[in-house]
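A structural walkthrough
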Amino acid sequence: MTGIDAADGGHGDLGAYLLGGLSAGERSRFEEHLFGCASCRSELARLRDLPARLGALSAEEANQLLGGDDPAETGSAASAALPLAGGTADGGRRRPVGAWPESLIELRRRARRRAFALAAAVAVLAGAAGGAVGYVAGAPRGPAEPAPGASYALTSRHGVQARVDLDRKAWGTEVSLTAAELPTTGVLELWILDGSGQSNRVGSWMATTTGKSAITCPVPLQLPAIERVQVRSGGRSVLAEVRLPPSGAS
Amino acid sequence: MRRARRNGQSMDEVVVAEMYREHGEALLGFVRRASGDPDGAEDVVQETVLKVWQAAPEISGSLRGYLFRTARNVMIDNYRRASSRPRRSGSVPALESMPDAVERIDALLTRVLMEEALRRISREHRDVVLALHYNQLTVAQAAAALGIPAGTVKSRAFYALRELRSVLEDMGVEG
């Protein structure tokens, strides 16, 4: 214990400061306090990476995961994003004990078989992401089935950590960006490039002092028509870019 | 070697089934997202559970965290094997480079461990993290939304981060 009492004067603002809940005035007062308070600085050093770790989940996912009555019983946002293959009648939440069907030897045998399937899936991603580090929550599929959206996460060469979620809507696509390590001043913009070479600014916002932003923009384009999603600075240089797979690639 | 049996299963199978029942779904979600391969995901999960059961490690922290990290290693091993296998030219696009694959899987591991940690902290702490960090409310707005004084929001924000740090340490996530 460092002796910090959260209810005690300036110390008490540390948590809210890190979580971005202080007003501009409170923030600068706390920063002044921090300057002269060694125990706050040491506590800050211990906790300061947590907001970035929290950034691993988008606001929507966090609300989905944590907003329910009993989050401990809620399925993972990661697993909720896809229906379980051969899901059980209760939505695949629980698997009865008896559903561990194969003998252990059979499990080992099967485990060796799936390397190529993984490689093929990763290959599609590599081709799709154009070098971006991305993953597809649900790759766009053929038109016959109601296809899920897609999600990509990347760290750009500018160091921007971005997660882009694309949700199909009747009117087009809802594009959500959650990003960290953005510039802390100026205006930031979200741009969509379509297959015909048109680029459109679909949103702009003020940079935050924490370098983190979350923004959701309605885009009147169907998902397959979207070729790239870019985060640009007000000066229009591209800070991060996600290239989507050509439609039909998967 | 078969040990005592219960309901027609060996005790080993019971242990494995238990591990699978408790953690299988969460692992499957993680592996599906990391590999993008719904068909192979179940196999990765099974191999993971099997590996952990075979090794019977002494785990002081979270078994789930340990399973996730093992699944990560299984996926990376598979990927390494797949990338060293010759492929028919032109039929498959170039494989993602190994460091990229590792980075991508690790990014997702960070994410699922964070989900797990957030589920473990108390409800009061979770609500404040959700309000301030994810929903970007100010302390005053969060106080109104949660029906608690602003001072309580601040104090819970601080203890929420401390609890999160301690849960993550328990799960083997370095600060």
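Another point: the sheet that holds strand β7 (residues 226-233) of chain A. Residue and element names in this part refer to chain A. Taken together, 4 strands build an open sheet; the order of strands is β5-β4-β7-β8 and the sheet is antiparallel. Two strands close off the open sheet at either side, each with one partner strand: β5 (199-206) and β8 (238-243). Strand after strand, the sheet turns through a mean of 15° between neighbouring axes, direction not considered. When strand β4 (residues 187-194) meets β7, the two strands line up antiparallel, connected through 7 bridges.

What follows covers the side chain of A:T173. Among the secondary structure elements, A:T173 is positioned in strand β3 (residues 172-180). Look past the residues within four positions of A:T173 in its chain and what remains in contact with it is A:L166, A:D167, A:C217, A:P218, A:V219, A:L221, A:Q222, A:L223 and A:I226.

Another aspect to go through is the pairing of β4(A). All names here are of chain A. Counting buried positions along β4 yields 7 of 8 residues, so the element is predominantly enclosed. Bridge count for β4 against β5 is 7 bridges, and the pairing is antiparallel. Bridging across to β5, L190 finds its partner in G203. The turn linking β4 back onto β5 is made up of 4 residues, and G197 within it adopts a positive phi angle of 90°.

Attention now goes to the pattern of salt bridges. Applying the stated criterion across every chain, the model contains 21 salt bridges over all chains. One salt bridge connects A:E241 with A:R228, and the closest N-O pair in it is separated by 3.3 Å. Of this pair, A:E241 sits in strand β8 while A:R228 sits in strand β7, and the two are 13 residues apart along the sequence. Across the salt bridge formed by B:R64 and B:E116, the nearest N and O atoms sit 3.1 Å from each other. Highlighted residues: B:R64 in helix α3 (residues 63-84) and B:E116 in helix α4 (residues 98-120), separated in sequence by 52 residues. Salt bridges sharing common partners tie together A:R46, A:D49, A:R53, B:R165 and B:E169.

Attention now moves to helix α6 (residues 139-146) of chain B. By the burial criterion, the buried members of α6(B) are B:V139, B:A142 and B:A143. On an axial view of α6(B), the arc spanned by its buried residues comes to 105°, and they lie on one face. Turned more than 90 degrees off the buried face of α6(B), the exposed positions are B:A140, B:A144 and B:A145. Taken together, the buried residues of α6(B) touch α1 (14-18) of chain A together with α5 (123-134) and α7 (150-170) of chain B. Phi turns positive, to about 70°, at B:G147, one or two residues after α6(B).

All right, on to the nonpolar core then. B:F30, B:L118, B:L132 and B:Y134 are the most contacted members of the largest nonpolar core, which has 72 residues in total. Beyond its immediate stretch of four places on either side in the chain, B:L132 contacts A:A16, A:L19, A:G21, B:L137, B:T138, B:V139, B:A142, B:V153 and B:A157. In this structure, A:I192, A:V219, A:V229 and A:A240 belong to the second largest nonpolar core, which totals 27 residues.

Residues and elements named next belong to chain A. Here chain A averages 66 in pLDDT, and 60% of its residues register 70 or above. Ranking the elements of chain A by mean pLDDT puts helix α8 (residues 115-129) last, at 33, and α1 first, at 93. In the predicted structure, residues 71-147 sits below a pLDDT of 50 and forms 152 contacts with residues beyond four places in sequence or in another chain.

To continue, consider the packing of helix α5 (residues 59-66) of chain A against α5(B). Running from N to C, α5(A) and α5(B) cross one another at 165°; their axes reach a closest spacing of 10 Å. With respect to α5(B), the axis of α5(A) lies roughly antiparallel. The way α5(A) lies across α5(B) gives a crossing that is left-handed. Only B:R126, B:L130 and B:Y134 of α5(B) make contact with α5(A), whose side of the interface consists of A:A59, A:A62, A:N63 and A:L66.

Below, the discussion takes up the pairing of strand β6 (residues 213-219) of chain A. Residues and elements named next belong to chain A. Here β6 shows one buried face, formed by S213, I215, C217 and V219, and one open face, formed by A214, T216 and P218. Sheet topology places β3 next to β6; 7 bridges connect them, and they run antiparallel. Along β6, the bridge assignment pairs L177 with I215.

Attention shifts here to the packing of α5(B) against α7(B). Residue and element names in this part refer to chain B. α7 packs onto α5 with a crossing angle of 105° between their chain directions and a minimal axis gap of 8 Å. If you check the angle between α5 and α7, you find them roughly perpendicular. Between α5, through E124, H125, V128, V129 and L132, and α7, the contact on the second element is made entirely by V153, R156, A157, Y159, A160 and E163. For the contact of α5 with α7, the residue count by class is 7 nonpolar, 1 polar and 3 charged.

Calculation rules
- Residues numbered from 1 in each chain as written.
- Chains lettered and ligands numbered in written order.
- Predicted model: local features only at pLDDT ≥ 70, side-chain atom pairs only at ≥ 80, totals over all residues.
- Heavy atoms only, no water.
- Pairing = 2+ DSSP bridges.
- Helix = DSSP H or I, 4+ residues; strand = E, 2+ residues; numbered from the N terminus.
- Axes fitted to C-alpha atoms, helices over the stretch in contact; angles between N-to-C directions.
- Contact = heavy atoms within 4.5 Å.
- Buried < 20%, exposed > 50% of the residue type's maximum accessible area, 1.4 Å probe, protein only.
- Salt bridge = Lys/Arg side-chain N within 4 Å of Asp/Glu carboxyl O.
- Arc of directions from axis to C-beta.
- Core = buried A, V, L, I, M, F, W, Y, C linked by side-chain atoms within 4.5 Å.
- pLDDT = per-residue confidence, 0-100.
- Parallel < 35°, antiparallel > 145°, perpendicular 65-115°, else oblique.
- Left-handed = near helix turned anticlockwise from the far one by under 90°.
- Nonpolar A, V, L, I, M, F, W, Y, C, P; charged D, E, K, R; others polar.

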